[in-house]
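What follows is the residue order along each chain.
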Amino acid sequence: MTQLLAPAGLLHDREMAAVSNRAELGAPWGPARPEPSPTRFHQVHGANIRVDLSGTRATRVESFAHGVCFSREPLAPGQVFLVEIEEKELGWCGHLRLGLTALDPASLAAVPEFSLPDLVSLGHTWVFAITRHHNRVPQEGRPETDAAAPSRPPTLLVEPYLCIEQFRIPRDRLVGRSRPGLYSHLLDQLYELNVLPPTARRSRLGVLFCPRPDGTADMHIVINGEDMGPSARGLPAAQPLYAVVDVFASTKSVRLVQLEYGLPSLQTLCRLVIQRSVVHRLAIDGLHLPEGLKDFCKYE
């Protein structure tokens, strides 16, 4: 592996500096606050949902409704419940819906047919249909018109971290990727620039909450590595908050994507170097590497 790293070139200066500084990478996670457990889907879900044995893939097997899913555990502050859209189904109008609820899924007498408006009408639930421009609330002291347009920082492709209020989240796994192919290096740029429709196949969508000093929390939705801003304010930060994913209408199947919040693993660092050393991901097949590492570099 060492022979591969030398000709491939060094990691980006910022990434190398971050690797040598645990406080930079790990904030706010650290020894006093362990990283959150891997995300899984709850065993309680809509009637038309099938969750695989790993608990990481949810598929709606019929109709366009009864596709509501929950996270198995409440989210930790700053933890992103991140899904990738795996399958689409033609013939339906509408897309995936995403949000948070303070309701314990196990306490529901029955999972509602729709997240909007059925689950929201039960109270203590904040769910939105995924769009770029309508999931935002105005920032305090700013007119609503300022909050209507998403802010796309010029460092979207350079800054390795996504900063959302007090949290710093590695951006790499937040961004969707195309299937490996001769033009994947071009298609991947469309996800990185976040110019595709937000519910396009293989887009990655996440939800998290950020506590505030007054005891409430803001809910944020992330689309392909871009923070859409606060979608809701005043959530009860002291109560357990579960992620809600409604596999609705044209969205047929989603899978969970796991994030690294502290120091990146050696596997992740190797993947970044390898991916930057090839023109497109099919060229990885020609490298003298273990098959497992090749697959990790091509598909993750």
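Residues numbered from 1 in each chain as written. Predicted model: local features only at pLDDT ≥ 70, side-chain atom pairs only at ≥ 80, totals over all residues. Heavy atoms only, no water.

In the annotation of an unreviewed UniProt entry, the entry for the protein chain reads Neuralized E3 ubiquitin protein ligase 2, and the organism field reads Equus asinus.

S.K.: Please clarify how the overall build of the protein chain should be interpreted in this entry.
M.R.: Each helix and strand counted, the protein chain has 8 helices and 13 strands in total. Taking all 300 residues of the protein chain together, 49% fall into the buried category. Sequence separation of at least 24 residues holds for 70% of the intrachain contacts in the protein chain that already meet a minimum separation of 6. Looking at the protein chain as shown, the accessible area adds up to about 14,100 Å², and 59% of this sits on carbon and sulfur atoms. (Helix = DSSP H or I, 4+ residues; strand = E, 2+ residues; numbered from the N terminus. Buried < 20%, exposed > 50% of the residue type's maximum accessible area, 1.4 Å probe, protein only. Contact = heavy atoms within 4.5 Å. Areas by Shrake-Rupley, 256 points an atom, 1.4 Å probe, with all protein chains shown as cover.)

S.K.: Sorry, what's going on with the pairing of strand 4 (residues 81–88) here?
M.R.: Bridge count between strand 4 and strand 9 (residues 204–211): 4 bridges; the pairing is antiparallel. Along strand 9, the bridge assignment pairs Leu 82 with Gly 206. Pairing analysis gives 6 bridges linking strand 4 to strand 13 (residues 251–257), with the strands arranged antiparallel. By the bridge assignment for strand 13, Val 83 is matched with Leu 256. (Pairing = 2+ DSSP bridges.)

S.K.: I tried to follow the pairing of strand 5 (residues 97–101) on my own but got confused; where do I start?
M.R.: Note on strand geometry: in a regular strand, side chains alternate between the two faces of the sheet. Most of strand 5 sits inside the fold, with 5 of its 5 residues counted as buried. Of the two faces of strand 5, the one carrying Arg 97, Gly 99 and Thr 101 and the one carrying Leu 98 and Leu 100 are both buried. Sheet topology places strand 5 next to strand 6 (residues 125–129); 5 bridges connect them, and they run antiparallel. Looking across to strand 6, one finds that Leu 100 is bridged to Trp 126. One ladder, built from 5 bridges, connects strand 5 with strand 12 (residues 242–246); its direction is antiparallel.

S.K.: I tried to follow the sheet that holds strand 4 on my own but got confused; where do I start?
M.R.: To summarise the sheet geometry, strands pair through backbone hydrogen bonds and adopt either a parallel or an antiparallel arrangement. Taken in spatial order, the 7 strands line up as 1-2-13-4-9-10-11 in an open sheet, and their pairing is antiparallel. Strands with a single pairing partner mark the edges of an open sheet, and in this sheet they are strand 1 (49–51) and strand 11 (226–236). Taken pair by pair, the neighbouring strands of this sheet meet at an average axis angle of 20°, ignoring direction. (Axes fitted to C-alpha atoms, helices over the stretch in contact; angles between N-to-C directions.)

S.K.: Got a minute to help me understand the environment of Arg 40 in this structure?
M.R.: Looking at where Arg 40 falls in the secondary structure, it is placed in the loop between helix 3 (22–26) and strand 1. On a C-alpha basis, the gap between Arg 40 and Ser 71 in space is 5.9 Å, while along the polypeptide they are 31 residues apart. Setting aside chain neighbours within four positions, we find Arg 40 in contact with Ser 54, Gly 55, Thr 56, Phe 70, Ser 71, Arg 72, Phe 81, Leu 256 and Gln 258. At a separation of 3.1 Å, a polar atom in the side chain of Arg 40 contacts the main-chain carbonyl oxygen of Ser 54. (Polar contact = N/O pair within 3.5 Å; in protein donor to acceptor, adjacent residues only side chain to side chain.)

S.K.: Hey, could you run me through the sheet that holds strand 12 in this one?
M.R.: The 4 strands are arranged 3-12-5-6 in an open sheet whose pairing can be described as antiparallel. Looking at the sheet topology across the chains shown, the edges are occupied by strand 3 (68–70) and strand 6. Here the strands of the sheet are splayed against their neighbours by 20° on average, with no regard to which way each runs. As paired strands, strand 3 and strand 12 are joined by 3 bridges and run antiparallel to one another. By the bridge assignment for strand 12, Cys 69 is matched with Val 245.

S.K.: Got a minute to help me understand helix 7 (residues 266–276) in this structure?
M.R.: Each full turn of the α-helix corresponds to 3.6 residues, which orients residues three or four apart in the same direction. Burial analysis of helix 7 places 8 of its 11 residues in the buried class, the great majority of the element. Three or more residues of helix 7 are buried, namely Thr 268, Leu 269, Cys 270, Arg 271, Leu 272, Val 273, Ile 274 and Gln 275.

S.K.: I would appreciate a short explanation of the pattern of salt bridges in the present structure.
M.R.: Note on pairing: side chains with opposite charge can pair once their charged atoms come close. Within this structure, the stated rule accounts for 9 salt bridges. Among the salt bridges present, the one from Glu 86 reaches Arg 255, with a minimum N-O distance of 3.7 Å. Here Arg 255 lies in strand 13 and Glu 86 lies in strand 4, a separation of 169 residues in the sequence. Residue classification places Arg 255 among the buried positions, given a relative accessible area of 13%. For Glu 89, the salt bridge is made with Lys 252, and the minimal N-O distance between the two is 3.7 Å. Remark: Lys 252 occurs in strand 13 and Glu 89 occurs in the loop between strand 4 and strand 5; sequence separation between them is 163 residues. Here Glu 89 falls in the partly exposed class, since its relative accessible area comes to 25%. One salt-bridge network, in which partners are shared between bridges, spans Asp 52, Arg 57, Glu 84, Glu 86, Arg 204 and Arg 255. (Salt bridge = Lys/Arg side-chain N within 4 Å of Asp/Glu carboxyl O.)

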